[in-house]
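Architecture at a glance
The residues making up each chain are set out below.
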Amino acid sequence: MPSERYIDCHTHPYELNVEESSSSTDAFEKVAQADCDNLLDGMDEAGVEKSIILGLDLETTRNFKFGNDDVKSIVDRYPDRFIGFCSVDPHKGILAIAELQRSIEELKLSGLKLHPILQEFYPNSKEIYPIYRIARDYAIPILFDSGQTFVKGYIKYGNPILLDDVAVDFPDLKIIIAHFGWPWMHECISLAWTHKNVYIDLAGWSPKYLPQSLLKYINSLLSKKTLFGTDYPFISQKRWIKEFKELGLKEETEALILGENARNILEI
């Protein structure tokens, strides 16, 4: 069992593969839906107490879905180790609303994952606002994939500045901007600095490659607004934490980012 209170806020219990074509109708193939044994082993080795498992519904645009019942089954098997975030397809309209409510009320999942680039929607579209209202009313955070996520898609949907409207219109909604919005990093920093309800995660980046200007902010003004995430299975937790601890950040900053900020957001 892990000896630390680390929480990995960004993991996927599957791998994805996509054909070379850039068409939005490309079918994603679920290559490996693991039983999470490898993830659990990695968590134990790295001292990670809990990981957030993210669902992903891309049925309209990519014919792929890692469903909320799949997330729930993993959480039920390891309730002390995993926290489940549901996913809904915004293009499904009222069905997405119903699925979000079911995921919160019946499945007891703790947050919502949206991927504007792969789901192909602008986050500030008023058509999406009913989803945000549900998340706000149930006090669950929304994690938005943002910036360049190195998958085929239209990255224009991932510009974090689009979340400025959402943060203003829903000041009580907890918004997590994944991958710190790169290449729009400074826009992302500005949002997290300006809005009390906006946070960033560092997922998908090996810490030794994190931009120096970002490190200055997360070690000071954004120390309480930044979350540890690996984007597992793309980066192992052991490697991520090792490199992170070699950055020379303040000890209190490390503790906040590796776990305490997530505990505050999730109220655990």
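Residues numbered from 1 in each chain as written. Predicted model: local features only at pLDDT ≥ 70, side-chain atom pairs only at ≥ 80, totals over all residues. Heavy atoms only, no water.

Right, let's get into the overall build of the chain. If you tally the helices and strands in the chain, you get 11 helices and 12 strands. Dimensions of the chain, computed from C-alpha atoms along their principal axes, come out at roughly 45 × 40 × 40 Å. The buried share among the 268 residues of the chain stands at 57%. A separation threshold of at least 6 residues defines the contact pool for the chain, and within that pool the share at least 24 residues apart is 78%. When the accessible surface of the chain is totalled, it reaches about 11,600 Å², and 49% of it is carbon and sulfur. Side-chain charges of the chain comprise 29 positive and 41 negative groups, with the mean position of each set lying 4 Å from the other. (Helix = DSSP H or I, 4+ residues; strand = E, 2+ residues; numbered from the N terminus. Buried < 20%, exposed > 50% of the residue type's maximum accessible area, 1.4 Å probe, protein only. Contact = heavy atoms within 4.5 Å. Areas by Shrake-Rupley, 256 points an atom, 1.4 Å probe, with all protein chains shown as cover. Lys, Arg positive; Asp, Glu negative; His and termini not counted. Charge placed at Lys NZ, Arg CZ, Asp CG, Glu CD.)

Moving on to the layout of surface pockets. Taken as a whole, the second largest pocket spans an internal volume of roughly 230 Å³. Every residue lining the second largest pocket is counted, 18 residues in all, and those nearest its centre are Ile 83, Lys 108, Leu 109, Ser 110 and Ile 268. Contributions of two or more residues to the lining of the second largest pocket are made by helix H3 (68-77), strand E7 (82-87) and helix H11 (251-266). Across the lining of the second largest pocket, the residue classes break down as 12 nonpolar, 2 polar and 4 charged. (1 Å grid on protein atoms, 1.4 Å probe; cavity = no way out; pocket = protein on both sides within 12 Å on 5 of 7 lines; lining within 4 Å. Points joined across faces, edges and corners; volume = space filled by probe spheres on them. Nonpolar A, V, L, I, M, F, W, Y, C, P; charged D, E, K, R; others polar.)

We now examine the sheet that holds strand E4 (residues 48-54). Strand order in the open sheet formed by 8 strands is E1-E4-E7-E8-E9-E10-E11-E12, and the pairing between neighbours is parallel. Unpaired on one side and paired on the other, strand E1 (6-11) and strand E12 (226-227) mark the two borders of the sheet. The strands touched by H3 within the sheet are E4 and E7, with E7 carrying the most contacts at an inclination of about 175°. (Pairing = 2+ DSSP bridges. Axes fitted to C-alpha atoms, helices over the stretch in contact; angles between N-to-C directions.)

Turning next to the nonpolar core. Residues Phe 82 and Tyr 132 are the most contacted members of the largest nonpolar core, which totals 70 residues. Residues contacting Tyr 132, with those up to four places away along its chain left out, are Leu 114, Phe 121, Pro 123, Ile 142, Phe 144, Val 166, Phe 170 and Leu 173. Membership of the second largest hydrophobic core comes to 14 residues, among which are Ile 7, Ile 52, Leu 54 and Ala 262. (Core = buried A, V, L, I, M, F, W, Y, C linked by side-chain atoms within 4.5 Å.)

Turning next to the packing of aromatic side chains. According to the stated counting rule, one finds 12 aromatic pairs in the structure shown. Summarising the aromatic geometry, the rings of Tyr 78 and Phe 82 are spaced 5.8 Å apart at their centres and angled 85° between planes, so their arrangement reads as edge-to-face. Residue Tyr 78 shares its accessibility class with Phe 82, and that shared class is buried. Taking the centre distance of 5.5 Å and the plane angle of 70° together, the rings of Trp 182 and Trp 205 count as edge-to-face. Here Trp 205 lies in the loop between strand E11 (198-201) and helix H9 (212-218) and Trp 182 lies in the loop between strand E10 (175-177) and helix H8 (185-194), a separation of 23 residues in the sequence. Residue Trp 205 is classed as buried on the basis of its relative accessible area of 15%. Here the aromatic residues Tyr 129, Tyr 132, Phe 144 and Phe 170 are joined through ring pairs into a cluster of three or more. Looking at Lys 156, its charged tip hangs above the ring of Tyr 154, at a distance of 5.6 Å from the centre. (Phe/Tyr/Trp six-rings, centres within 6.5 Å; stacked < 30°, edge-to-face > 60°. Lys NZ or Arg CZ within 6 Å of the ring centre and 35° of its normal.)

All we've got here are geometric facts, nothing functional implied.
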